[in-house]
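Structural features, examined
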Amino acid sequence: VLIASGSSSIFRYASYVSSGLTANFSITGWLTLNAVWSSGIKDIFTYYYDVDNRILIQYDVDTPRFVVTKVVGGTVFGASGSYTVTNGQSYHLIVVQDNTTLYLYVNGALLASISATATMTDGGTIALGCAATGATDGVDIIVDGWRIMPDDISAVQADAIYDA
C-alpha cells in the first residue's frame, strides 16, 4: 500500500484501516531532511491507534540516532542505532516486523533490532513528518515512496529495495 510520495513536511492520514500493521509487516520509504532541528527527538513516521498501540520512527538530534518503538497493549519494544544525518541528503528507511523481531534498516544496512512478537490493533492514524495525535511539532522533510507491506522481508530483500 503506497501511503505517500512527493509530500513535503507534514502528512497525516486518519483512521487508516487495513494498514497491514497488525502482524508481520514492512514499512519502507525515502526521506530528505530539509532542516535539522536544534535539539530533541522528532517523529518521522507514526502509526497511532492509541497510547498503548503505536509504532514510531524518530530521529534524535542530541545523540544522533534513529529510534524505532513499537507499543502493543502498553508494552514497549524499542531499538535505536547511531546515525548522523545531513540536511538535503536522502535516506531510505525500512522497519520490518517478523514473528520474533522488529528491525530498523537505514540505506539498506541493519541499524537496530529488538525482540517484539506482539500484534497491533488496526484502524489508527498514519503520519509522516509529525505526530499522529495532531501535534503541530512537525519536521521539515520530503518523503517519497512510503509503503506498508503486509509481510516481513529479509535482509537481502531490504538491501535490494534500497538498491532499486
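Everything that follows concerns the structure shown earlier in this document.
Criteria and cut-off values
- Residues numbered from 1 in each chain as written.
- Predicted model: local features only at pLDDT ≥ 70, side-chain atom pairs only at ≥ 80, totals over all residues.
- Heavy atoms only, no water.
- Helix = DSSP H or I, 4+ residues; strand = E, 2+ residues; numbered from the N terminus.
- Contact = heavy atoms within 4.5 Å.
- Pairing = 2+ DSSP bridges.
- Salt bridge = Lys/Arg side-chain N within 4 Å of Asp/Glu carboxyl O.
- Buried < 20%, exposed > 50% of the residue type's maximum accessible area, 1.4 Å probe, protein only.

Moving on to the environment of Val106. Following the sequence through the fold, Val106 ends up in strand 10 (residues 101-106). Between the C-alpha atom of Val106 and that of Ala158, which follows or precedes it by 52 residues, the distance is 9.4 Å. Apart from residues lying up to four places away in sequence, Val106 is in contact with Phe66, Tyr83, His92, Leu93 and Leu111.

On to the pairing of strand 11 (residues 109-115). Here six bridges tie strand 10 to strand 11, and the two strands are oriented antiparallel to one another. Within strand 11, the position partnered with Val106 by the bridge is Ala109. In this antiparallel pair of consecutive strands, strand 10 and strand 11, the connection spans two residues, and Asn107 shows a positive phi of 50°.

It is worth spelling out the pattern of salt bridges at this point. One pass over the structure, following the stated rule, counts one salt bridge. One salt bridge in this structure joins Arg65 and Asp60, with 3.2 Å as the shortest N-O distance. Under the relative-accessibility criterion, Arg65 is labelled partly exposed at 26%. Asp60 sits in the buried class, given a relative accessible area of 5%.

Function cannot be inferred from these measures alone, as they are strictly geometric.
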